[in-house]
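Letter by letter, the chains look like this.
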Amino acid sequence: MALIEEYPYIKNDKKDYTRVRHYSDTGCLIVQTETGRIYEEAVDDYPCKYSYAEVPAEEPQNEEANYGDS
């Protein structure tokens, strides 16, 4: 697991010392463990109100493939 917290959060070359960025350097998604919300990257207040973890990114499923041939 390669969860990275980047502090301070930098956007448009401006440093924000009240925010922290959570993202994966391995292509995983980020899940907010208390709520179950899933993000490509998450930006939170510092200190963080929630905790975060990585989950594998799933391939989008084709809806028609789930029905099969009848």
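Residues numbered from 1 in each chain as written. Predicted model: local features only at pLDDT ≥ 70, side-chain atom pairs only at ≥ 80, totals over all residues. Heavy atoms only, no water.

Topic: the packing of aromatic side chains
The criterion, for reference: Pairing of aromatic rings covers Phe, Tyr and Trp, the last counted by its six-membered ring, and requires centre-to-centre distances within 6.5 Å; plane angles under 30 degrees mean stacked, over 60 mean edge-to-face, and any other angle means tilted. Geometrically, a charge over a ring is one whose NZ (Lys) or CZ (Arg) sits within 6 Å of the ring centre while staying within 35 degrees of the ring normal.
Considering all chains together, one arrives at one aromatic pair under this definition. A cation over a ring is seen here: R21 above Y23, with NZ or CZ 3.9 Å from the ring centre.

Comments concerning the environment of A53
Keep this limit in mind: The numbering of helices and of strands both runs from the N terminus, where a helix is a DSSP run of H or I of at least 4 residues and a strand a run of E of at least 2.
By secondary structure assignment, the location of A53 is in strand β8 (residues 52-55). In this structure the C-alpha to C-alpha distance between A53 and S24, which are 29 residues apart in sequence, comes to 9.1 Å.

Considerations on the pattern of salt bridges
A pair can form between side chains of opposite charge whenever their charged atoms are brought close. Note the threshold: The salt bridge definition used is simple: a Lys or Arg side-chain nitrogen within 4 Å of an Asp or Glu carboxyl oxygen. Any residue under 20% of the maximum accessible area for its type is buried, any over 50% is exposed, and the rest in between are partly exposed; the area is computed with a 1.4 Å probe on protein chains only.
One pass over the full model with this rule turns up three salt bridges. Between D45 and R19 there is a salt bridge, with the nearest N and O atoms lying 2.6 Å from each other. Here R19 lies in strand β4 (residues 19-24) and D45 lies in strand β7 (residues 41-45), a separation of 26 residues in the sequence. On the basis of relative accessible area, D45 is assigned to the partly exposed category, the value being 42%.

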